[in-house]
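Observations on the three-dimensional arrangement
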Amino acid sequence: MRRQSKHLYINLPVKHVKESRAFFEQLGFHFHQQFTNDQAACLVIDDTITVMLLSLKHFQSISEKQLVDARQASEMIISLQVNSREEVDELVEQAIAAGGSPFKEKQDHDLMYGWSFQDLDGHLWEVFYMDEERSDLL
């Protein structure tokens, strides 16, 4: 039995929705306008993955847990696979130029290459390329 394709929504608390939206637009991402307002911005990663950037107040209204400051504590790492090593470098460099900060040094493991950044709220984004033609060697 084949599973039906699903849509993944990742919800992230952000201090300033407008500034976070501008940050990700500088990285070349776009937003679904129907689900974007002053309290939330719908960041489109691809056809089946969306990141909801939610104001702290809105995020707290749907979560009963205490929010953490992502600049002080880890909550998750969002890993994003791209199509080339050059695209890894380009996206992280754009993030840093837009006000983000590098997180780790570049990692080169032959089949996999990656680099990480923190967004404006300290959320960790790991951008990586994997040579899928050679991935059977893993």
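Residues numbered from 1 in each chain as written. Predicted model: local features only at pLDDT ≥ 70, side-chain atom pairs only at ≥ 80, totals over all residues. Heavy atoms only, no water.

Let's talk about the sheet that holds strand β4 (residues 49-55)
Applicable threshold: Strand pairing follows a simple DSSP-based rule, namely that at least 2 bridges must link the two strands. Secondary structure elements are taken from DSSP: a helix is a run of H or I of four residues or more, a strand is a run of E of two residues or more, and numbering for both begins at the N terminus.
Pairing is mixed in the open sheet, where four strands are placed in the order β1-β4-β3-β2. Here the strands that pair on one side only, and so sit at the sheet edges, are β1 (8-14) and β2 (30-31). Here β2 pairs with strand β3 (residues 40-46) via two bridges, running antiparallel. Paired with F31 across the strands is L43, a residue of β3.

Overview of the pairing of strand β9 (residues 124-130)
This is how it is decided: For each residue, the accessible area found with a 1.4 Å probe, counting protein chains only, is set against the maximum for its type, and the residue is called buried under 20%, exposed over 50%, and partly exposed in between.
Among the seven residues in β9, six count as buried, and that is most of the element. Looking at chain direction, strand β5 (residues 77-81) and β9 are connected through five bridges and run parallel. Considered in β9, the bridge of S79 is made with E126. Bridge count between strand β8 (residues 112-118) and β9: seven bridges; the pairing is antiparallel. Bridging from a neighbouring strand, M112 pairs with M130 of β9. If you look at the hairpin formed by β8 and β9, you'll find five residues sitting between the two strands, and G122 has a positive phi there, around 90°.

Here's the deal with the side chain of Q118
Condition: By the convention used here, residues are in contact when the closest approach between their heavy atoms is within 4.5 Å.
Along the chain, Q118 turns up in strand β8. Discounting chain neighbours no more than four positions away, the residues touching Q118 are A70, G100, S101, P102, F103, H123 and L124.

Structural notes on the UniProt feature "domain: VOC" (unreviewed entry) in the protein
Basically, it comes down to this: UniProt positions are given in the numbering used here, feature names are shortened, and annotations may be inferred rather than shown by experiment.
Per the UniProt record, "domain: VOC" (unreviewed entry) is found at residues 6-130. Along residues 6-130 one finds 24% helix and 37% strand; the C-alpha atoms at either end are 23 Å apart.

As for the side chain of T50
Stated precisely, the cut-off is as follows: Counting of polar contacts relies on pairs of N or O atoms within 3.5 Å, with two restrictions inside protein: one atom must be capable of donating a hydrogen and the other of accepting it, and residues adjacent in sequence are counted only when both atoms are side-chain atoms.
Along the chain, the position of T50 falls in strand β4. At a separation of 2.6 Å, a polar atom in the side chain of T50 contacts the side chain of H7. Contact partners of T50, with chain neighbours within four places excluded, come to H7, L8, Y9, I10, C42 and L43.

Thoughts on helix α3 (residues 85-97)
Under the convention used in this document: The span expected for a helix works out to 1.5 Å for each residue beyond the first. In this description, one arc is meant: the one made by directions from the helix axis to the C-beta atoms.
For α3, which comprises 13 residues, the first-to-last C-alpha distance of 19 Å matches the rise-based estimate of 18 Å (1.5 Å per residue) to within 8%. Every buried residue belonging to α3 is among V88, D89, L91, V92 and A95, and all of these are buried. For α3, the angular spread of buried residues about the axis comes to 165°, placing them on one side. Residues of α3 that are exposed and point over 90 degrees away from its buried face: E86 and A97. Just past α3, the residue G99 takes up positive phi, approximately 115°.

Notes on the domain arrangement of the protein
Rules: Domain extents, as shown, originate in an automatic or database domain assignment. Summed over both partners, buried area is the accessible surface (1.4 Å probe) that two parts give up on being assembled. For salt bridges, the criterion is a side-chain nitrogen of Lys or Arg within 4 Å of an Asp or Glu carboxyl oxygen.
Each domain of the protein was delimited in the assignment, giving domain 1 (1-61) and domain 2 (74-137). Once you take the C-alpha centre of each, domain 1 and domain 2 turn out to be 19 Å apart. Contact residues are listed per partner, giving 15 residues for domain 1 and 16 residues for domain 2. For the pair domain 1 and domain 2, the summed buried area comes to about 1200 Å², and 77% of that belongs to carbon and sulfur atoms. Summed over the three residues of domain 1 that lose the most area to domain 2, namely L12, F23 and L27, the buried surface amounts to 44% of that side. Inspection of the region where domain 1 meets domain 2 yields zero salt bridges. Taken together, domain 1 and domain 2 are joined by three residue pairs in polar contact (both at pLDDT 80 or more).

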